[in-house]
Amino acid sequence: MLKERLTAAREVRATFLTAEEAQDAAAIHAVKCVLAALEQRVAANLPLDTGIDAIRHLGRAAQLALEARNELILAHPELAKLPAQLGIERMGGDVGACPAMAEQGVELRIVA
């Protein structure tokens, strides 16, 4: 039974790390997309309201990507409790404490 618990914990850890990396990339690309839309509107000398609804949706998507990233950060301390709940002292590859941002309640947000 311990072997299965270790396997489960390692699988969750691996997929969590992959999710963190993917969410970072998604947030970066979403913010770059908003920036590109604004810059290209200016470069094309278009009126300020051109594409405003699309830009608003892009901005909201970027905000949601950052909120999702924040939720992953907040999941760190909860995931850190799992080994003890499973009867596992410490996971192999565990590098220590959770990110300080989660402890301080810091949230990442896009502001316009």
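**Overview of the overall build of the protein chain**
Alright, step 1. Within the protein chain, the regular secondary structure consists of three helices and zero strands.
Alright, step 2. The secondary structure elements of the protein chain, listed N-terminal to C-terminal, are α-α-α.
Alright, step 3. Within the protein chain, the fraction of its 112 residues that count as buried is 20%.
Alright, step 4. Residue pairs in contact within the protein chain that sit at least 24 positions apart in sequence constitute 77% of those at least 6 positions apart.

**Digging into helix α2 (residues 52-86)**
Alright, step 1. Taking 1.5 Å of rise per residue, 35 residues should cover 51 Å, and α2 covers 51 Å from first to last C-alpha, within 8% of that figure.
Alright, step 2. Along its length, α2 reaches its greatest deviation from straightness, about 35 degrees, at His 76, and the proline Pro 77 lies no more than four positions downstream.
Alright, step 3. Buried residues of α2: Ile 55, Ala 62, Ala 65, Leu 66, Arg 69, Asn 70, Leu 72, Ile 73, His 76 and Pro 83, and no others.
Alright, step 4. Backbone geometry just downstream of α2 places Gly 87 in the positive-phi region, at approximately 80 degrees.

**Section: the side chain of Arg 69**
Alright, step 1. Here Arg 69 is to be found in helix α2.
Alright, step 2. Residue Arg 69 is classed as buried on the basis of its relative accessible area, which comes to 14%.
Alright, step 3. One polar contact links Arg 69 to Asp 24, side chain to side chain, over a distance of 2.5 Å.
Alright, step 4. Once residues within four sequence positions are removed from consideration, Arg 69 is found in contact with Glu 20, Gln 23 and Asp 24.

**Some thoughts on helix α1 (residues 2-43)**
Alright, step 1. Across its 42 residues, α1 extends 61 Å between first and last C-alpha, which sits within 8% of the 62 Å expected from 1.5 Å per residue.
Alright, step 2. Within α1, burial applies to Ala 9, Phe 16, Glu 20, Gln 23, Ala 27, Ala 30, Val 34 and Arg 41.
Alright, step 3. In this structure, the buried residues of α1 make contact with α2.
Alright, step 4. Just downstream of α1, Asn 45 is the residue with a positive phi angle, here 55 degrees.

**Structural notes on the environment of Thr 50**
Alright, step 1. For Thr 50, the location among the structural elements is in the loop between α1 and α2.
Alright, step 2. For the pair Thr 50 and Leu 38, spaced 12 residues apart in sequence, the C-alpha to C-alpha distance is 9.8 Å.
Alright, step 3. For Thr 50, the residues in contact, after removing those within four places along its chain, are Arg 41 and Ile 55.

**Some details on unusual backbone geometry**
Peptide bonds are trans in most cases, and residues, glycine excluded, mostly fall at negative phi.
Alright, step 1. Even without being glycine, Asn 45 reaches a positive phi, approximately 55 degrees.
Alright, step 2. With respect to the helices and strands, Asn 45 occurs in the loop between α1 and α2.

**A short note on the pattern of salt bridges**
Alright, step 1. Under the counting rule described, the total for this entry stands at five salt bridges.
Alright, step 2. Ionic pairing is found between Asp 24 and Arg 69, a salt bridge with its closest N-O pair at 2.5 Å. Here Asp 24 is found in helix α1, whereas its partner Arg 69 is found in helix α2, with 45 residues between them in sequence.
Alright, step 3. According to the relative accessible area criterion, Asp 24 is partly exposed, its value standing at 33%.
Alright, step 4. Among the charged side chains, a salt-bridge network with shared partners connects Glu 20, Asp 24 and Arg 69.

About the cut-offs
Residues numbered from 1 in each chain as written. Predicted model: local features only at pLDDT ≥ 70, side-chain atom pairs only at ≥ 80, totals over all residues. Heavy atoms only, no water. Helix = DSSP H or I, 4+ residues; strand = E, 2+ residues; numbered from the N terminus. Buried < 20%, exposed > 50% of the residue type's maximum accessible area, 1.4 Å probe, protein only. Contact = heavy atoms within 4.5 Å. Expected span 1.5 Å × (residues − 1). Bend = angle between axes of the 7 residues up to and from the residue. Polar contact = N/O pair within 3.5 Å; in protein donor to acceptor, adjacent residues only side chain to side chain. Salt bridge = Lys/Arg side-chain N within 4 Å of Asp/Glu carboxyl O.

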